[in-house]
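So you can see what is in the structure, the chains are spelled out below.
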Amino acid sequence: MLSYDPPVADYMFLFEELIDLDKYRHLRGFADLDLEVVEAVLSEAGKVAREVMLPLNASADREGCTRHPDGSVTTPSGFREAYRAYTEGGWAGLAAPAQYGGQDFPRTVATAVMEFRGGANQSFDMYTGWGESIAEILMAHGTPEQCETYLTRLITGEWSATMALTEPHCGTDVGLLRTRAVPQADGTYKVTGTKIFNSGGEHDLTDNIIHFVLARIEGDPPGTKGISLFLMPKLLPGEDGAFDRRNTVSCGSIEHKMGLNGSATCVMNYDEATAWLVGERQQGLVGMFKLMNAIRRRTGTMALSVSELATQNAVAYAKERLQGRALSGPKRPEAMADPLIVQPDVRRTLMKLKSFNEGARALLVWSGLIADVVDRAPDKAERAAAAERLALITPVIKAYLSDEGFDNTVIAQQMFGGHGYMAETGVEQLVRDIRMLAIAEGANGVQGVDLVLRKLGHNQGQSAFDLIDEIAAQLAANRTSTPSLSLVDAMARALDDMREATTYLVGLGSRDREAACAGATDYIHLMGLVLVGFMWLRIAEAATRRIDEGRDESGELAAKLMRARFFAERMLPETALRLTRIKASADSVMALEEQWF
């Protein structure tokens, strides 16, 4: 079985060094936030992940979910008990408002707990978090009656929720949907249609499942402008108010997938199912986009989760597996062979994994802090500025982290040699499970198009140039605090690449949108590298200060600086390659006639 040690200490370093708590005391949930309490919360969350969720990971993959003739679904053995422990521990609503049963912790804290869940058991994690995320839609767009009925139950995990977007004939282009809604005299709607790829569409973890469904009201215009959002409970309230009447929503089948077998991904059928409109008519995508952006950041967190789990086990295997000799001479002359970790290419691989994971974790904490400002700052201007920044980096977090997380899991598998291809090590399951993240919640190519056309297209890319200026200021600070660190010079070159690429794409996008999008994937990776490098600048600055203060008894801070150096010398130079591709002619992409593909 895979082993897992939730990185509590790494998160505590980030909370202490990346977040100036006094600067954010005005945000809800920050006023009385104490780092000792945070550490206690993370330690307990790590314990639940390691002891409750992790042991079910491999068995859930083997067992999968079972659909019964009546359309009900049974989750893998142990999931119901694990879900009960999850909800009874108060983890379901960790970042939700206390008035609705949440714990009101900042998203920066919830991000860590999310990583622990995903690292321990990605399939189980697919059932969690939806209630709290979808509750945000109700808080923003729901009626008082809807909020009173559903919010607390969703936030505490008493009821679960699911989001129904994709149909058999359309995915990203939701404007093509066919699910229709017919208004009724009592103010409800009858919804008919089919949705696919519906995570947690049916299961036995909660009695009620609240489906949030995109549909078109009969007579409304085609395309995205005619879409509305509906709340559709699995169980409807009876005359006495108890939710005990079955709605006409059913699981037609469970999708047969490459991985995530413990997650019930369902085909859902609605046969004049009763539903209520959420928000204004024809404004369904307004609430949907808020949810999707939150889920996209969660997707990046899940990618890091699996990358971290794969890395930890690859490191352990490389230290234990005796095979061959060090090129510089035997390191364990008393043994028949040296451990794999003495080999340069093995070390290069493991350093790449660890350097990415640590920098990406800091990026997620930083983005969580920005999300906290968006949702919790009392000042409108402060919220708006944070929202602009969050909108810019969200597609990067989703696409770059999920692409790199998958690649990292594959090369972690490589460390096991042939054993990595065998089921008993568990690492082949991770490769199958994580593959979904680059596809779901808007495929990564779509994220690149969104970044280049929408984000850079808005206000001549000013939000990107503002980010570049902020990173430049951090560079200047690091030249004083860490002058010998090669990261500073490497980041200066990478930042120049990002500035040049941004300027080029802003100009090109206004003239030739297709040509600009030919470089979209490269741009999203270029920005991802620079953002992770930005985090390494801040980590290196803090580590250097602590070392100068004599606070590195374990040597971990010096190790951080070595990982920063590796990222600078071995990973950041990729921005130059990405820039070259971005500026290459789009003819080789667009000019070939369709018949020659």
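Structure first, text after, so check above.
Residues numbered from 1 in each chain as written. Predicted model: local features only at pLDDT ≥ 70, side-chain atom pairs only at ≥ 80, totals over all residues. Heavy atoms only, no water.

Trainee: Quick rundown of the overall build of the protein chain? Include the residues and the values.
Mentor: Secondary structure summary: the protein chain contains 20 helices and eleven strands in total. Here the C-alpha atoms of the protein chain give a radius of gyration of 24 Å, agreeing with the 25 Å that 2.2 N^0.38 yields for 597 residues. Its C-alpha atoms put the protein chain at 80 × 60 × 60 Å along the principal axes. For the protein chain, the proportion of its 597 residues judged to be buried stands at 58%. Residue pairs in contact within the protein chain that sit at least 24 positions apart in sequence constitute 73% of those at least 6 positions apart. Of the roughly 24,900 Å² of accessible surface on the protein chain, 51% is carried by carbon and sulfur atoms. (Helix = DSSP H or I, 4+ residues; strand = E, 2+ residues; numbered from the N terminus. Rg over C-alpha atoms; globule rule 2.2 N^0.38 Å. Buried < 20%, exposed > 50% of the residue type's maximum accessible area, 1.4 Å probe, protein only. Contact = heavy atoms within 4.5 Å. Areas by Shrake-Rupley, 256 points an atom, 1.4 Å probe, with all protein chains shown as cover.)

Trainee: Explain the packing of aromatic side chains residue by residue, including any values.
Mentor: What the rule picks out here adds up to 14 aromatic pairs. Centre to centre, the rings of Tyr-24 and Phe-30 are 6.3 Å apart; their planes meet at 45 degrees, and the pair counts as tilted. Given a relative accessible area of 14%, Tyr-24 falls into the buried group. In this structure Phe-30 comes out as buried when scored by relative accessible area, which is 0%. Measuring from centroid to centroid gives 6.0 Å for Phe-356 and Tyr-400, while their planes differ by 65 degrees, and the two rings are edge-to-face. One end of the pair, Phe-356, is in helix α10 (residues 344-376); the other, Tyr-400, is in helix α11 (residues 380-414), and 44 residues separate them in sequence. For the pair Phe-356 and Tyr-400, a shared accessibility class is recorded, and that class is buried. A network of ring pairs unites the aromatic residues Phe-79, Tyr-83, Tyr-86, Phe-124 and Tyr-127 as a single cluster. Between the NZ or CZ atom of Arg-435 and the centre of the ring of Phe-406, over which it lies, the distance is 5.3 Å. Across from the ring centre of Phe-13, 4.5 Å away, lies the NZ or CZ of Lys-560, which sits over that ring. (Phe/Tyr/Trp six-rings, centres within 6.5 Å; stacked < 30°, edge-to-face > 60°. Lys NZ or Arg CZ within 6 Å of the ring centre and 35° of its normal.)

Trainee: Outline the pattern of salt bridges, supporting the account with residue identities and numerical values.
Mentor: Considering all chains together, one arrives at 42 salt bridges under this definition. Note that Glu-136 is salt-bridged to Lys-290, the shortest N-O span being 3.8 Å. In this pair, Glu-136 sits in helix α7 (residues 130-141) while Lys-290 sits in helix α9 (residues 284-320), placing the two residues 154 residues apart along the sequence. By relative accessible area, which is 13% here, Glu-136 ends up buried. As a salt-bridge pair, Glu-308 and Arg-361 come within 3.0 Å of each other at their nearest N and O atoms. Of this pair, Glu-308 sits in helix α9 while Arg-361 is found in helix α10, placing the two residues 53 residues apart along the sequence. (Salt bridge = Lys/Arg side-chain N within 4 Å of Asp/Glu carboxyl O.)

Any functional reading would require information beyond the geometric quantities listed.
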